[in-house]
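Inside the fold
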Amino acid sequence: MADTADRRHGLSPLARYAERFAAAGRASGGALRLAELPFLAQVDVRLDPTGPAAESVALALGFPLPRVPNTLTRGAGSTALWLGPDEWLVTGPAGTRTDLEARLREAVADAHACVVDVSAQRTTLLVGGARAAELLAHGCSLDLHPGIFGAGRCAQTTLARAQVVLVRDDPGAGSGSGPGFRVLVRSSFAGYLADWLLDAASEFTWNPPDSTRT
């Protein structure tokens, strides 16, 4: 598969889409921004949220794991996404996967817990801009209004029938990606979802006013 061949050459699953994403943003007049955020560290953690391992993980991360369904916590460059009552996905910047996994493994020690590096499983898409929610609404059944799915929210859902983890970005939290959403998608579905997003984005082509008209 193309994404497997790309990884062998050190390329991200959507490296081939960079210019097409940029072109879609230009065509929207800035109303949309599409980009891949490649090679983010992603570590799956399973443990008893009421046990000592959860406290140790919180100390290792510098912030607690979220306990409220479909929420996230973040700090010191990492983010913990609630996936289930005893499961979280901890993400971090590119190049930190080994250190992040090691810190979490050390934190849980001999507790009944599981820490697995799943960084190669998914890539991350940024969908930003004033019309980002409108674009995603074409293929996602969640209510993406900021009053319902605002900053600090995440959910496992489907987008264009592809399973994803959808995260509302908080531009004030130091993410560096600006307002919008992060879409975590399995690498094998990344190309399909990128094509779908580009096709849906074509609806938002910006037509500047014709200055020659009177």
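Computed from a predicted model, the values in this text were never measured in an experiment.

Overview of the overall build of the protein chain
- Helix and strand counts for the protein chain stand at 6 helices and 10 strands.
- If you sum the accessible surface of the protein chain, you get close to 10,800 Å²; carbon and sulfur atoms cover 53% of it.

A few points about the sheet that holds strand β9 (residues 162-169)
- Taken in spatial order, the 5 strands line up as β1-β7-β10-β9-β8 in an open sheet, and their pairing is antiparallel. Edge positions in the sheet fall to β1 (33-37) and β8 (154-159), since each has one partner strand and no second. This sheet shows a mean twist of 30° between the axes of neighbouring strands, independent of strand direction.
- Inspection of the sheet shows β9 paired to strand β10 (residues 180-186) by 6 bridges, in the antiparallel sense.

A look at the nonpolar core
- If you look at the biggest cluster of nonpolar residues, it comprises 31 residues, and the most contacted ones within it are Leu 135 and Leu 193.
- Only α2 (18-27), β7 (122-128), α5 (132-137), β8, β9, β10 and α6 (187-201) provide two or more residues apiece to this core.
- At 8 residues, α6 tops the list of elements feeding residues into this core.
- Leaving out residues up to four positions away in the same chain, Leu 193 has contacts with Leu 125, Leu 159, Ala 160, Val 164, Val 183 and Val 185.
- Among the nonpolar cores identified, the runner-up in size contains 19 residues, and Leu 47, Trp 88, Val 90 and Leu 104 belong to it.

The rules we used
- Residue positions are given per chain, counted from 1 along the sequence in the order it is written.
- Note on the predicted model: pLDDT of at least 70 is required for a residue's local features to be given, and 80 or more for side-chain atom pairs to be given and counted; whole-chain, interface and lining totals, by contrast, use all residues.
- Only hydrogens and water are removed before side-chain values are computed, so all heavy atoms of the structure are retained for them.
- A run of DSSP states H or I qualifies as a helix once it reaches four residues; a run of E qualifies as a strand once it reaches two. Both are numbered from the N-terminal end.
- Using a 1.4 Å probe, accessible areas were evaluated by the Shrake-Rupley method; residue-level cover was limited to the displayed protein chains.
- Pairing between strands requires that DSSP locate at least two bridges from one strand to the other.
- To get an axis, fit a line to the C-alpha atoms, keeping to the stretch in contact for a helix; angles then go from 0 to 180 degrees between the N-to-C directions.
- Take the buried residues of types Ala, Val, Leu, Ile, Met, Phe, Trp, Tyr and Cys, join any two whose side-chain atoms come within 4.5 Å, and each joined set is a nonpolar core.
- For every residue, the accessible area (1.4 Å probe, protein chains only) is compared with the maximum for its type, and the residue is labelled buried under 20%, exposed over 50%, or partly exposed between those bounds.
- By definition, residues are in contact when any of their heavy atoms lie within 4.5 Å.

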